[in-house]
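Architecture at a glance
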Amino acid sequence: MSSPADSIEIQNVVASTGIGQELDLEALAEDLPGADFNPDNFPGLVYRTQSPKAAALIFRSGKIVCTGAKSIDDVHEALGIIFEKLRDLTIPVEDDPEITVQNIVSSADLGHNLNLNALAIGLGLEDVEYEPEQFPGLVYRMDEPDVVILLFGSGKIVITGGKRTEDAQEAVEQIVERIEGLGLLS
């Protein structure tokens, strides 16, 4: 059987950047085809790219958050498209604005059912939140890498809070080692 680390799939990458100047979102919404701007519901303008599929949340301050991308490369490509669209509207955008990855959400499958009650005790209550009446998953806060892992009885897991793609790999390897060490991966 393949290792759980081989089943890791990035679900979402969130990154932020900025163009260093204020924007008139009302005017931008009119000039940028396909842009959604409804300030009564959300203070930013939403612009979606199709290839790669991502959404940019553009704020009046010039800050931009990109979400929904499936890789760091896709974030850079989507933001590159947005920077070009802004330049086309004569909004000055520097050649290579700094892009900071804020969060990478990944999923994986441990390939075995998990006894979450035993796991909650075994992993140590100080790093674990498990209230099955509130949420069906066990929340495990890992220090290194600094991520949160949601573990489900099915053996499926979600890793969130990573800043590098390697964080999910390291987290899966560590959680598998911990669970096997407790004799709970069967």
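Read on for a plain summary of the structure. This is a predicted model, so every value here is computed, not measured. (Residues numbered from 1 in each chain as written. Predicted model: local features only at pLDDT ≥ 70, side-chain atom pairs only at ≥ 80, totals over all residues. Heavy atoms only, no water.)

Observations concerning the pattern of salt bridges
- For the structure shown, the criterion picks out 8 salt bridges.
- Put simply, Glu84 and Arg87 hold a salt bridge, and the shortest N to O gap is 2.7 Å. Taken together, the positions of Glu84 and Arg87, both in helix 2 (residues 72–88) and 3 residues apart, correspond to about one turn of that helix.
- Note that Arg164 and Glu170 form a salt bridge whose closest N and O atoms lie 3.0 Å from each other.
- A relative accessible area of 38% means that Arg164 is categorised as partly exposed.
- On the basis of relative accessible area, Glu170 is assigned to the partly exposed category, the value being 29%.
- In the salt-bridge network here, residues are joined through shared partners; they are Arg164, Glu166, Asp167 and Glu170. (Salt bridge = Lys/Arg side-chain N within 4 Å of Asp/Glu carboxyl O. Helix = DSSP H or I, 4+ residues; strand = E, 2+ residues; numbered from the N terminus. Buried < 20%, exposed > 50% of the residue type's maximum accessible area, 1.4 Å probe, protein only.)

Digging into helix 4 (residues 165–181)
- In a regular helix each residue adds 1.5 Å, so 17 residues correspond to 24 Å; helix 4 covers 25 Å between its end C-alpha atoms and thus fits that length.
- Regarding helix 4, the residues found buried are Asp167, Ala168, Ala171, Val172, Ile175, Val176 and Ile179. End-on, the buried residues of helix 4 take up no more than an arc of 155°, which puts them together on one face. Of the exposed residues in helix 4, those oriented more than 90 degrees away from the buried face are Glu177 and Gly181. (Expected span 1.5 Å × (residues − 1). Arc of directions from axis to C-beta.)

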